[in-house]
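# Summary of the model geometry
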Amino acid sequence: MGVALWMLTAGLESVVATFSRVAAVVFALFYDAGDAIAGISTGILARSAEEGALGERAAVAAMETLFADPFKTLLFDIGRYAWIVALVLAVVALWRAGAPRLPLVLMALPAYLVTFDHAFPFGSLTFGTFFVIAAWLELAPGRLTLAGQPRRVS
Amino acid sequence: MEFGLTLRRIILLGTPLVLTVLMFFHPSPYDDVACELIPIAG
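Starting afresh in each chain, residues are numbered from 1 along the sequence in its written order. Going through the entries in the order they are written, you letter the chains from A and number the ligands from 1. For a predicted model such as this one, the threshold for reporting local features is a pLDDT of at least 70, and the threshold for listing and counting side-chain atom pairs is 80 or more; totals across whole chains, interfaces and linings nevertheless cover every residue.

### Quick word on the interface of chain B and chain A
By the criterion used throughout, residues are in contact when their C-beta atoms, derived from the backbone, lie within 7 Å. Opposite the 25 residues of chain B that make contact, chain A presents 37 residues. Helix and strand labels come from DSSP, where a helix needs a run of H or I of at least four residues and a strand needs a run of E of at least two; each type is numbered from the N terminus. Those elements giving two or more residues to the side of chain B that touches chain A turn out to be helix H1 (3-22) and strand S2 (36-39) of chain B. Broken down by element, the residue count for the side of chain B that touches chain A peaks at 11 residues, all from H1 of chain B. When residues are sorted by character, Ala, Val, Leu, Ile, Met, Phe, Trp, Tyr, Cys and Pro go into the nonpolar class, Asp, Glu, Lys and Arg into the charged class, and all the rest, Gly among them, into the polar class. For the side of chain B that touches chain A, a count of residues per class yields 17 nonpolar, five polar and three charged.

Set out below in structure tokens:
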């Protein structure tokens with residue numbers, strides 16, 4: 001999703017667009033790191049408990065330790081805020097470039113929804129709203145020239 | 001349609017579309033293990 005977020009402002013040459021892309025990289029790095037700890041690690045522990053390789057009580061204790069860890073929370077929080085910053089800055093850059101206003105306003109939806117858990121339904125809602133809005137912006141009249149021609153915006 | 005534009009749209013639109021579907025199958029953040037609700041995903 002970090003690359004998709006980057007693509008939102010690809011072709012736009014402005015300070016705001018550049019910072020949006022930097023925030024997209026930060027989002028990808030930190031959110032993935034948080035998810036690797038919280039999601040993948042607990043998934044492995046749960047599977048080990050299910051297969052009998054690890055006692056269920058031990059698995060539960062290990063998962064609770066992982067989830068109580070403030071470092072894991074910090075990684076997720078940095079990732080979430082970077083997503084929000086990247087979207088807000090992308091909206092500003094696209095607004096200045098003359099993109100349609102309504103989808104830009106609606107970009108508040110994926111920015112808000114990411115503050116919840118990414119498990120169903122919020123993950124689907126976050127990425128689904130991003131998809132609809134990105135498609136709207138991408139396929140809007142005039143967008144082809146915007147994407148194909150790098151533009152400098154104050 | 002040029003290759004760059006096609007690739008751009010695959011990444012920009014394909015990624016969130018695929019993730020929207022995949023997140024339907026994401027386990028609940030809390031699941032019943034050993035008869036108690038524990039966090040399994042963030």
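### A look at the packing of helix H2 (residues 15-51) of chain A against helix H3 (residues 56-68) of chain A
All names here are of chain A. Closest axis-to-axis distance for the H2/H3 pair is 9 Å, and the angle between their directions is 175 degrees. As summarised for this structure, H2 and H3 are arranged roughly antiparallel, according to the angle between their axes. Side by side, H2 and H3 meet where Ile37, Ala38, Ser41, Thr42, Leu45, Ala46, Ser48 and Ala49 of the first sit next to Glu56, Ala59, Ala62, Met63, Leu66 and Phe67 of the second. Looking at the contact of H2 with H3 residue by residue, the class counts come to 10 nonpolar, three polar and one charged. Between N-to-C directions, angles span 0 to 180 degrees; the directions come from axes that are lines fitted to C-alpha atoms, helices contributing only their stretch in contact. Geometric relationships in this document are graded by angle, where less than 35 degrees denotes roughly parallel, more than 145 denotes roughly antiparallel, 65 to 115 denotes roughly perpendicular, and other angles denote oblique.

### Looking at H3 of chain A
Residue and element names in this part refer to chain A. With 13 residues, H3 extends 18 Å between its outermost C-alpha atoms, agreeing within 8% with the 18 Å of an ideal straight helix rising 1.5 Å per residue. The set of residues buried in H3 consists of Ala59, Val60, Met63 and Phe67. When H3 is viewed along its axis, its buried side chains cluster within an angular range of 100 degrees and face the same direction. More than 90 degrees from the buried face of H3, the exposed residues found are Arg57, Thr65 and Ala68. Here the expected span of a helix is defined as 1.5 Å times the quantity of residues minus one. Partly exposed residues are those whose C-beta has more than 12 but fewer than 20 other C-beta atoms within 10 Å; with 20 or more the residue is buried, with 12 or fewer it is exposed, and the C-beta atoms are placed from the backbone. Picture the helix axis, draw a direction to every C-beta atom, and the arc is the one those directions span.

### Digging into the confidence of the model for chain B
Every residue is assigned a pLDDT by the predictor, reflecting its confidence on a scale from 0 to 100. Averaged over all residues, the pLDDT of chain B equals 77, while 57% of them reach at least 70. Of the two predicted TM-score estimates for the complex, the pTM is 0.83 and the ipTM is 0.83.

### Overview of the packing of H2 of chain A against helix H4 (residues 70-96) of chain A
Residues and elements named next belong to chain A. Interhelical geometry of H2 versus H4 gives an angle of 155 degrees and a closest axis separation of 7 Å. Regarding the angle of H2 to H4, the classification is roughly antiparallel. Crossing hand, H2 versus H4: left-handed. In terms of residue class, the contact of H2 with H4 is built from 23 nonpolar, three polar and one charged. Throughout, a crossing is termed right-handed when the near helix is turned clockwise from the far one, and left-handed when it is turned anticlockwise from it by less than a right angle.

### Remarks on the nonpolar core
Soluble globular proteins tend to pack their nonpolar side chains together in the buried interior. For our purposes the nonpolar core covers buried Ala, Val, Leu, Ile, Met, Phe, Trp, Tyr and Cys residues that link as a set through C-beta atoms within 7 Å. The biggest cluster of nonpolar side chains holds 39 residues, and the ones touching the most others in it are Leu5, Phe27, Ala86, Ala90 and Ala93 of chain A. Elements with a minimum of two residues in this core: helix H1 (2-8), H2, H4 and helix H7 (122-139) of chain A together with H1 of chain B. Take this core: its biggest share by element is 11 residues, from H4 of chain A. Membership of the second largest hydrophobic core comes to eight residues, among which are Ala38, Ala59, Met63 and Phe67 of chain A.

### Describing the environment of Val18 of chain B
Residue and element names in this part refer to chain B. Secondary-structure assignment places Val18 in helix H1. Under the C-beta neighbour-count criterion, Val18 is labelled exposed, with 12 such atoms within 10 Å. As a C-alpha pair, Val18 and Leu5 span 13 residues in sequence and 19 Å in three-dimensional space.

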